[in-house]
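# Breakdown of the fold
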Amino acid sequence: MRRFLPIVFGSLMLAACSQTTNLTPNNDRTYVVFFPFASSELDDAAMTTIDQAVRYAKNFPEKQVYVEGYAAVYGDLSLDEMMAAQRTQAVAQEIVAEGVDKSRVHDAPQQPENRRSQVAARRVEIEVK
């Protein structure tokens, strides 16, 4: 059961962050993409989340898109930093590929972090504001 808690937690966070009600220009939106261990590959769930963020960004072309990538601390800090950068870049590139102007997309990998939940540390946050 303990093994499944991070998966359940991650799924609940994903669902909560990707709701599309009350789409008004006064609302900023945050979308969260989760990654498997040691991966920067975009899976189907990641693509769904990115699609939602892109749809919102296209509805409000005056808003900027901020992409912040994270990684957990697993040992070699330089490799962990590289993983955060790769995740950030993968998401930012997909947002641009789906039609958001590159000048609106700002990517910033963050320092690896020690979190209680390693799943929460393996994420990229997309903020449209």
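Residues numbered from 1 in each chain as written. Predicted model: local features only at pLDDT ≥ 70, side-chain atom pairs only at ≥ 80, totals over all residues. Heavy atoms only, no water.

Next up on the list: the confidence of the model for the protein. Across the protein, the average pLDDT comes to 85, with 79% of residues at 70 or higher. Across the protein, helix α2 (residues 44–59) holds the top mean pLDDT of 98, while helix α1 (residues 5–17) sits lowest at 51. (pLDDT = per-residue confidence, 0-100. Helix = DSSP H or I, 4+ residues; strand = E, 2+ residues; numbered from the N terminus.)

Within the structure shown, the criterion is met by two salt bridges. Two residues, Glu125 and Arg123, come together in a salt bridge whose shortest N-O distance is 2.9 Å. Classification of Arg123 as buried rests on a relative accessible area of 5%. (Salt bridge = Lys/Arg side-chain N within 4 Å of Asp/Glu carboxyl O. Buried < 20%, exposed > 50% of the residue type's maximum accessible area, 1.4 Å probe, protein only.)

Turning next to the packing of aromatic side chains. Under the counting rule described, the total for this entry stands at one aromatic pair. Judged by centre distance (4.9 Å) and plane angle (55°), the ring pair of Tyr56 and Phe60 falls under tilted. Taking relative accessible area as the criterion, Tyr56 reaches 2% and is therefore assigned buried. Given the relative accessible area of 10%, Phe60 is considered buried. (Phe/Tyr/Trp six-rings, centres within 6.5 Å; stacked < 30°, edge-to-face > 60°.)

Excluding glycine, residues mostly carry a negative phi; peptide bonds, for their part, are mostly trans. For Ala38, which is not a glycine, the phi torsion comes out positive at approximately 55°. Tracing the backbone shows Ala38 in the loop between β1 (29–34) and α2. Given the relative accessible area of 52%, Ala38 is considered exposed.

Turning to the pairing of β1, a few remarks are in order. Where burial is concerned, most of β1 is hidden: five out of the six residues are buried. Bridge count between β1 and strand β4 (residues 123–128): six bridges; the pairing is antiparallel. Across the sheet, residue Thr30 finds its bridge partner in β4, namely Glu127. (Pairing = 2+ DSSP bridges.)

When the terminal C-alpha atoms of α2 are compared, their 23 Å separation across 16 residues agrees well with the 22 Å that a helix rising 1.5 Å per residue should span. Every buried residue of α2 is listed here: Ala46, Thr49, Ile50, Gln52, Ala53, Val54, Tyr56 and Ala57. Between the side-chain oxygen of the N-cap and the backbone nitrogen of Ala45 there are 3.3 Å, and the N-cap of α2 in question is Asp43. (Expected span 1.5 Å × (residues − 1). Polar contact = N/O pair within 3.5 Å; in protein donor to acceptor, adjacent residues only side chain to side chain.)

This brings us to the sheet that holds β4. The sheet built from four strands is open, its strands ordered β1-β4-β2-β3 with mixed pairing. Either end of the sheet is taken by a strand with one partner, and the two such strands are β1 and β3 (105–109). Sheet twist, expressed as the average angle between the axes of neighbouring strands with direction ignored, equals 15°. Judged from the five bridges that link them, strand β2 (residues 65–69) and β4 form a sheet pairing that is antiparallel. (Axes fitted to C-alpha atoms, helices over the stretch in contact; angles between N-to-C directions.)

Moving on, we get to the side chain of Arg122. Topologically, Arg122 is positioned in the loop between α4 (118–121) and β4. Asp43 provides the closest opposite charge to the buried, salt-bridge-free Arg122, at an N-O distance of 10.0 Å. Among residues more than four places away in sequence, those in contact with Arg122 are Val33, Phe34, Phe35, Pro36, Phe37, Tyr70, Tyr74 and Arg87. (Lys, Arg positive; Asp, Glu negative; His and termini not counted. Contact = heavy atoms within 4.5 Å.)

Turning next to the environment of Asp80. Structurally, Asp80 can be placed in helix α3 (residues 77–97). Look at Asp80 and you get buried, because its relative accessible area is 8%. Apart from the residues within four sequence positions on either side, Asp80 is in contact with Ala71, Ala72, Val73, Tyr74, Gly75 and Pro112.

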